[in-house]
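# Descriptive analysis of the structure
So you can see what is in the structure, the chains are spelled out below.
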Amino acid sequence: FGGMIGYLREHPDVKALLVEKTDRLYRNFKDYVTIDELVQQGLAIHFAKEGAVLHKDSSSHEKLIHEIKVVIAKNFSDNLSEETRKGQKAKAETVVFPGWAPIGYLNNTQTKTIELDPERAPKVQKLFRLAATGEHSVKHLAQVAAAMGLGARKLGRKLSKSHIHRLLQNPFYYGYFQLRGVMYKGAHAPLVSKQLFDVVQEALRQRQKPRKIEHHFAFGGFFTCARCGCAVVGEL
């Protein structure tokens, strides 16, 4: 939708927009206001299935009918969202995670269950074990993941530091999952123990604590190593 609006604004010579029906063009009032601005500038919208055309010279009755359709489309969108949330909650209560499994697991579309990924699961376990030592930064763990070939599903991209951080804080790996603020015990097999997970959380908290500065060196924080990219630390 945003790309279409940008194109129409960049090409004011386009005077017609062909859509299937009202609820395929917009489903909220903000989009309607955006489109209406273009209509007032001369854009005509043709609704193929509804046999209607909306333009700046449309009668008040035609505009009223169209606005009613917008309200109905908004209600349809809200109701669909509500039913989706209900379905996810019902599925969660049956201890089945209602979504894509995180890295280290696979969705079995035939049995509708979540299974361990035999290739990635051991790599995720290794990240947890390394993180539990407290000796590795999230940046280094991201480098370890890349070296093991542990990447995101989409396009096989490397895992970023923020992705690694979320992975290590995901309760899914010890057998639970959270949905809209409620914690559920999952039916999937845990990848790590709750004890190991808690040790990792404490290690992450310790690394995030601000360090007390005892000496103020000139140019502190300005220099990094040309080889590894790490900060050069001052010393007496």
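Right above here is the structure, for reference.
So, here is what we can say about the structure in this document.

Quick notes on the rules
- Residues numbered from 1 in each chain as written.
- Predicted model: local features only at pLDDT ≥ 70, side-chain atom pairs only at ≥ 80, totals over all residues.
- Heavy atoms only, no water.
- Core = buried A, V, L, I, M, F, W, Y, C linked by side-chain atoms within 4.5 Å.
- Buried < 20%, exposed > 50% of the residue type's maximum accessible area, 1.4 Å probe, protein only.
- Helix = DSSP H or I, 4+ residues; strand = E, 2+ residues; numbered from the N terminus.
- Contact = heavy atoms within 4.5 Å.
- Patch = residues over 30% accessible without salt bridge, like charges linked within 9 Å, V, L, I, M, F, W, Y side chains within 5 Å.
- Areas by Shrake-Rupley, 256 points an atom, 1.4 Å probe, with all protein chains shown as cover.
- Salt bridge = Lys/Arg side-chain N within 4 Å of Asp/Glu carboxyl O.
- Pairing = 2+ DSSP bridges.
- Phe/Tyr/Trp six-rings, centres within 6.5 Å; stacked < 30°, edge-to-face > 60°.
- Lys NZ or Arg CZ within 6 Å of the ring centre and 35° of its normal.

## Points about the nonpolar core
If you look at the biggest cluster of nonpolar residues, it comprises 33 residues, and the most contacted ones within it are V124, L127, F128, I164, L168 and Y173. The set of elements that each furnish at least two residues to this core consists of α5 (121-132), α6 (138-148), α7 (161-168), β6 (176-179) and α8 (194-208). Not counting chain neighbours up to four residues away, the residues in contact with I164 comprise L127, V138, L141, A142, A145 and L159. Formed by 15 residues, the second largest nonpolar core is a distinct cluster that contains I5, Y26, I35 and L43.

## A few points about a nonpolar patch on the surface
Together, L64, I65, I68 and I72 make up a nonpolar patch on the protein surface, roughly 350 Å² of accessible area in all. Assignment of secondary structure puts I65 in helix α4 (residues 60-93). Of the residues examined, I65 reaches a relative accessible area of 36% and is grouped as partly exposed.

## Things to note about the pairing of strand β5 (residues 113-116)
The two faces of a sheet get side chains in turn, since along a regular strand they alternate between them. Bridge analysis of strand β4 (residues 105-108) against β5 gives four bridges, and the strand direction is antiparallel. Within β5, the position partnered with L106 by the bridge is E115. Hairpin connection, β4 to β5: the antiparallel pair is bridged by four residues, and K112 has positive phi, about 60 degrees.

## Describing the packing of aromatic side chains
For the coordinates displayed, the defined rule picks out seven aromatic pairs. Consider the rings of Y174 and Y176, whose centres lie 5.5 Å apart with planes at 40 degrees: the pair is tilted. The exposure class assigned to Y174 is buried, which follows from its relative accessible area of 15%. Ring pairs connect the aromatic residues Y105, F128, F172, Y173, Y174, Y176 and F197, which therefore count as one cluster. The ring of Y174 is capped by K194, whose NZ or CZ atom sits 5.2 Å from the centre of that ring.

Just distances and angles here, no functional claims.
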